[in-house]
Each structure stands twice: as C-alpha cells, then as structure tokens.
Amino acid sequence: MHAPLTPQPPVTVRMFTQRLSATPRGARLARHLAVHQLHAWGIPYGSDASEAVAVIVAELAANAVTHGRVPGRDFELGLSLPTGSIRIEVSDTRTESSPPKPGDVPPPCPLGEHGRGLVLVEALADRWEVLDRDPPGKTVRAEVDLPGWRALLGGRGWRTPVARAGH
C-alpha cells in the first residue's frame, strides 16, 4: 500500500551566474546583464529596484576589475531573488586586499576622482557584506529590498535556493 502523494506548491528558483573578464568591458557587461536579467524576471528597466541594482553592480564590478583583479582570472556576477529582495554577488579571486566592511566606508575626498563606489553601495543597498570565498578570493554581497515582490509571481513567494546554479 502506498501513501498518497501530497501536492507541493511549485518552487520558483531565480538565479543568474556569469563569469566575466576582469576588464572594464567585463564590468560594463555585468551591469547590462544584470538589468536585462531583472527585466526578464519581471522587474522593469528604469524601475527604482532596477536602477539601484544597476549602480550597485557597476560599482562592485568596477572594484572587482580595479582592486580585485588577478591576471588571467575572471570575476563572477551572481543575481538571485530570495524572498522579498534582489541579491547581488560580485566575486573576485584576490585575497590580499579586502574592501572596508559596512559602516566602515570612509567618505570620499571632495575633489578626489575615486572612492565613491562603496559609498554608493552603502547608500543604495538595504544590506551588504564582504565574505571570504573558497576558492580563494572574496565576495561582496548586497541586497535591495523589492516592495511588491509577491505580485511578480501572482502572489506566490520565492524560496531561497539551496544550491548555486552552474556556470
């Protein structure tokens, strides 16, 4: 005798991962891919969330290719939609330099040409952190809350994925 199957609600896992060359072109491509992927997931171009993610990805990717570059190694962009937010992850393979932690970002010099990237991330992200990663390197993870996220799936919520998508 077999027990009847219990119907399970569908699980929608929304993840995107892409390795990109650690060059300025790769950093620009990361931003374009991010807003395109969000649009494909129902978060329209030009929306507040899409614009915030575009700036965060641009800044984190620029940091990865400027400060986290290891010759011959790529950086990685990851996007996912855990319940109620958009998660951005930018990983590089450099271990000897780490960005400041949230709350420790120094204000930029008023006339300086650099030093505004993490200030923007801190201002636009609802949460962010710097994580060590294995293989060696680091990941900067930022999240942008997504008001009205249930409407994107007709009232069904997202479930946070357990495993990362392949490359």
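Structural data are supplied above this passage.
Everything quoted here is computed from the prediction, not taken from an experiment.

## Here we look at the pattern of salt bridges
Where charged atoms from two side chains of opposite charge approach closely, those side chains can pair. Under the counting rule described, the total for this entry stands at 7 salt bridges. Arginine 19 is paired through a salt bridge with glutamate 76; the nearest N and O atoms lie 3.5 Å apart. Residue arginine 19 is located in strand β1 (residues 15-20), and its partner glutamate 76 is located in strand β2 (residues 75-80); the two are separated by 57 residues in the primary sequence. Arginine 127 is the partner of glutamate 143 in a salt bridge, and the nearest nitrogen-oxygen pair spans 2.9 Å. Taken together, the residues glutamate 143 in strand β5 (residues 138-145) and arginine 127 in strand β4 (residues 127-132) connect sequence positions 16 residues apart. Salt bridges sharing common partners tie together Arg87, Arg127, Glu143 and Asp145.

## Section: helix α1 (residues 24-40)
Spanning 17 residues, α1 covers 25 Å between terminal C-alpha atoms, matching the ideal 24 Å at 1.5 Å per step. Listed in full, the buried residues belonging to α1 are Gly26, Ala27, Ala30, Ala34, Val35, Gln37 and Leu38. Next to the buried residues of α1 lie β1, α2 (48-66), β2 and β3 (85-92).

## Quick notes on the packing of α2 against helix α3 (residues 117-124)
Where α2 contacts α3, the axes come no closer than 9 Å and their chain directions differ by 150°. Looking at the two axes, α2 sits roughly antiparallel to α3. In this structure, α2 crosses over α3, and the sense of that crossing is left-handed. Counted together, Ala52, Val55, Ile56, Glu59, Leu60 and Asn63 of α2 and Gly117, Leu118, Leu120, Val121 and Leu124 of α3 form the full contact between these two elements. Taken together, the residues that form the contact of α2 with α3 break down as 8 nonpolar, 2 polar and 1 charged.

About the criteria used
- Residue positions are counted from 1 within each chain, in the order its sequence is given.
- Restriction of local features to residues with pLDDT of at least 70 applies here, the model being predicted, together with a cutoff of 80 or more for giving and counting side-chain atom pairs; totals for whole chains, interfaces and linings are based on all residues.
- Computation of side-chain values covers all heavy atoms of the structure but excludes hydrogens and water.
- Note on definitions: salt bridges are taken to be side-chain nitrogens of Lys or Arg within 4 Å of carboxyl oxygens of Asp or Glu.
- Only DSSP runs of H or I with at least four residues qualify as helices, and only runs of E with at least two residues qualify as strands; both kinds are numbered from the N terminus onward.
- Every helix has an expected span of 1.5 Å times one less than the residues it contains.
- Three labels apply to residues, based on accessible area from a 1.4 Å probe with only protein chains included: buried if under 20% of the type maximum, exposed if over 50%, partly exposed otherwise in between.
- Contacts are assigned to residue pairs with any non-hydrogen atoms lying within 4.5 Å of each other.
- Here, axes are lines fitted to C-alpha atoms. For helices the fit covers the stretch in contact, and angles between N-to-C directions go from 0 to 180 degrees.
- Every angle not falling under 35 degrees, over 145, or within 65 to 115 is termed oblique; those three ranges are roughly parallel, roughly antiparallel and roughly perpendicular.
- We call a crossing left-handed when the near helix sits turned anticlockwise from the far one by less than a right angle, and right-handed when that turn is clockwise.
- Gly falls in the polar group here, along with every residue not listed as nonpolar (Ala, Val, Leu, Ile, Met, Phe, Trp, Tyr, Cys, Pro) or charged (Asp, Glu, Lys, Arg).

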